[in-house]
Amino acid sequence: MKLSSLEKYEEIVIQIHNYPDADAVGSGYALYRYFLSRNKEVRLVYGGRSKITKSNILILIDELKIPLEYINTPGFFLAAPELLLTVDCQYGEGNVQHMKASNIAMIDHHNTGRESDDMCEIRSNLVSCSTIVYDMLKAEGYDVNSDISVSTALYYGLFMDSNELSEVRHPLERDMMDFLRVDNKLLNRITHANFTLEEFETAGMAMLRYNYNESKRLAIIKAKPCDPNILGLVGDFVLQVDSIDLCIIYNENPDGYKLSVRSCRADVTANDMAEYLVEQVGSGGGHLSKAGGFIGKGRFQEMYGAMSIDTYIFSRSEAYFDSYEVVHADEGLKDTGAFSLYAKKDHTCGYVRTLDFLEPGMECKVRTFEGDVTVKASEDIYLMIGILGEVYPIRRDKFEHKYTAGDQPFYMDFEYPPSVIELKNTKKYELLPYAKQCTRNKEAYVYAKRLEVPVKVFSKWDYEKYMHGGVGDYICYSMNDPNDIYTVKKQIFDVVYVPASSDGKDL
């Protein structure tokens, strides 16, 4: 769905969910300003049994002068609008007060089984609805940063829904962190107005009731129902204990269980642990040191019956440590007997010389779905762009051995345009304008095997973390460099590689 497709409606009511949080308010307000700029008659509303009481949300609304209306105010009357646009929620769900409308559209990041169509934009792979709105506004050519109240509202929406940015995982979310203009004075004020004295007491009681696994240096803590940010506050404090490297905090709410993970272990990132804990029963993700997730009660009961959430968290976290292997590229692979020889299929991909857009010696972060990897621009460093939009650095000598460079431009449509961030000036460069086509050479081969157990690879490149390969993915190493070890997602490997015979001829 495109926002411009909704401009055929003259009367638009934007409805956010009951008891609105920062993400709902921020994304709803940004859309309100967009449609106002298109000369539409637009209102921003919410319902529920009571009005907003959280101090940080009230400050946000007051300082940014957000015209948010409460439906159940005495004397409030709202006739069925021409278009009802629900934001950070979906029409018909229990957390949205029912309203009649001639036409209904939705923008949301929660997974309820509904899919995107001409009147719905549902992206459950993103941590906040503000991120979806940010991307949709950019697609319409709307300058989000032209009004700092809009950019601040979107940033704070992401900030709060990602547990103060600890659960950010998508390149779009990292772009928001880097490029949105923010009223830092206001942000500082509202981030210090999140908790009540009662919630402060909840945090203190939670820390007194910890469980400790000495061999894993792991603390597990159950808290009373509270604002999700309390969990992160507890985790940040607990991780400062000298004998704790990993902390899981969780609590129950009406719809399920919210959890927060903190880690300072090199071989256990917080986002991996969070994703493991919510696998098949919820959603989660985040950063290397901070992450979080949510487990839905219905799905949990369907999968685990009468098992308590406490038993699940304890047993699942214990199983995590036996669920993967660790590979250090500089040490090589201990056993390569199960590996087979593969060659890349004959297809065209893209490459970019780092000196085509950066000065020698300038550092940049390569923004990939695997995470950010830092490289220094030089005539010896190229960037590859795969057919699914994957980006990775490659040294010039290896590129020239594996590929034949062409002069024709390389372009494909990707979900997220491949890009890098120049670190000194925090400038973003999209790679496709500089990309040229290249084809693989017949003599370029890799050894690979399908993973039966997840693996974590600490590669030769300066990645922020290990490269993770799940069951069904592949671990590979170059035929000419046994220390050039990396993982490849199954969906990419099946498209890109073909088996080769032992004499180096494709089968």
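Explain the nonpolar core to me, using residue names and the numbers behind them.
The nonpolar side chains of a soluble globular protein tend to be buried with one another. Ile14, Phe35, Ile107 and Leu154 are the most contacted members of the largest nonpolar core, which has 62 residues in total. Here this core gets nine residues from one element, more than from any other, and that element is helix H1 (residues 22–37). Excluding residues within four positions of it along the chain, Leu154 makes contact with Gly26, Ser27, Ala30, Ser130, Val133, Tyr134, Leu137, Val144, Met176 and Leu180.

Just give me the short version of the pairing of strand S9 (residues 246–253), but keep the residues and values in it.
In terms of burial, S9 is largely enclosed, as six of its eight residues are buried. The pairing of strand S8 (residues 218–222) with S9 spans five bridges and is parallel. Following the sheet pairing, Ile220 is matched in S9 by Ile248. The pairing of S9 with strand S10 (residues 256–263) spans eight bridges and is antiparallel. Within S10, the residue paired with Asn251 across the bridge is Lys258.

Could you give an account of the sheet that holds strand S25 (residues 455–458), with specific residues and numbers?
Taken in spatial order, the three strands make up an open sheet running S13-S25-S26, and their pairing is mixed. Both edges of this open sheet fall to strand S13 (325–328) and strand S26 (467–469), since each of them pairs with a single strand only. Averaged over all adjacent pairs, the angle separating strand axes in this sheet is 20 degrees, with direction ignored.

How would you sum up the packing of H1 against helix H2 (residues 55–64)? Please name residues and give values.
As a packed pair, H1 and H2 sit with axes 10 Å apart at the nearest point and diverge in direction by 20 degrees. Regarding the angle of H1 to H2, the classification is roughly parallel. Seen along the crossing, H1 lies across H2 with a hand that is right-handed. For the pair H1 and H2, the contacting residues are Ala22, Val25 and Tyr29 in the first and Ile57, Leu60, Ile61 and Leu64 in the second. Residue composition of the contact of H1 with H2, grouped by class: seven nonpolar, no polar and no charged.

Which residues make up the sheet that holds strand S24 (residues 445–450), and what are the values?
Spatial strand order, S28-S27-S24-S14-S29: five strands in an open sheet with antiparallel pairing. Only two strands of the sheet have a single neighbouring strand rather than two, namely strand S28 (481–488) and strand S29 (497–499). The sheet shows a mean angle of 40 degrees between the axes of neighbouring strands, direction not considered. Summarising the sheet, S24 and strand S27 (residues 474–478) pair through five bridges and their orientation is antiparallel. Within S27, the position partnered with Tyr447 by the bridge is Tyr477.

Could you give an account of the pairing of strand S1 (residues 11–16), naming the residues involved and the relevant values?
The element S1 is extensively covered by neighbouring structure, given that five of its six residues are classed as buried. The sheet contact formed by S1 and strand S2 (residues 41–46) spans five bridges and is parallel. By the bridge assignment for S2, Ile12 is matched with Val42. Note that the unit made of S1, H1 and S2 has a crossover that is right-handed. The pairing of S1 with strand S4 (residues 83–87) spans five bridges and is parallel. Looking across to S4, one finds that Val13 is bridged to Leu84.

Describe the packing of aromatic side chains, and please don't skip the residues or the numbers.
Inspection of every chain in the model, using the stated rule, returns 24 aromatic pairs. Ring centres of Tyr155 and Phe159 lie 6.4 Å apart, and the angle between their planes is 25 degrees; on these two criteria the pair is classed as stacked. Of the two residues, Tyr155 and Phe159 are both situated in helix H4 (residues 148–161); the distance of four residues between them amounts to about one turn of the helix. Note on Tyr276 and Tyr320: the rings are 5.2 Å apart at their centroids and 70 degrees apart in plane angle, and the pair reads as edge-to-face.

Residues and numbers for unusual backbone geometry, please.
One non-glycine residue, Asn39, adopts positive backbone phi at about 60 degrees. Among the residues examined, Asn39 registers a relative accessible area of 67% and is labelled exposed.

Could you give an account of the side chain of Thr487, with specific residues and numbers?
Examined against the element boundaries, Thr487 turns out to sit in strand S28. On the accessibility criterion, Thr487 (8% relative accessible area) is buried. Look past the residues within four positions of Thr487 in its chain and what remains in contact with it is Val455, Val457, Met467, His468, Gly469, Tyr474 and Ile475.

Rules used throughout
- Each chain has its residues counted from 1, running along the sequence as written.
- Per-residue local features of the predicted model are confined to residues with pLDDT of at least 70, and side-chain atom pairs are confined, for both listing and counting, to 80 or more; whole-chain, interface and lining totals are unaffected and use all residues.
- Side-chain numbers come from the whole structure's heavy atoms, not from hydrogens or water.
- To define a nonpolar core, start from buried Ala, Val, Leu, Ile, Met, Phe, Trp, Tyr and Cys residues and group those joined through side-chain atoms within 4.5 Å.
- Using a 1.4 Å probe on the protein chains alone, a residue whose accessible area is under 20% of its type maximum counts as buried, one over 50% counts as exposed, and one in between counts as partly exposed.
- Secondary structure elements are taken from DSSP: a helix is a run of H or I of four residues or more, a strand is a run of E of two residues or more, and numbering for both begins at the N terminus.
- In this description, contact between two residues means that some pair of their heavy atoms is separated by no more than 4.5 Å.
- When DSSP finds two or more bridges between a pair of strands, those strands are recorded as paired.
- Between the N-to-C directions of two axes lies an angle of 0 to 180 degrees, each axis being a line fitted to C-alpha atoms and, for a helix, fitted only over the stretch in contact.
- These descriptions rest on fixed angle ranges, namely under 35 degrees for roughly parallel, over 145 for roughly antiparallel, 65 to 115 for roughly perpendicular, and the rest for oblique.
- Working rule for handedness: look at the near helix, and if it is turned counterclockwise from the far one by less than a right angle, call the crossing left-handed; if clockwise, right-handed.
- Residues are grouped as follows: Ala, Val, Leu, Ile, Met, Phe, Trp, Tyr, Cys and Pro are nonpolar; Asp, Glu, Lys and Arg are charged; every other residue, Gly included, is polar.
- Here, the term right-handed applies to a crossover whose path from the first strand over the helix to the second runs clockwise when the strands point away from the viewer.
- Two rings from Phe, Tyr or Trp (for Trp, the six-membered ring) form a pair when their centres sit within 6.5 Å of each other. Planes less than 30 degrees apart are called stacked, planes more than 60 degrees apart edge-to-face, and all others tilted.

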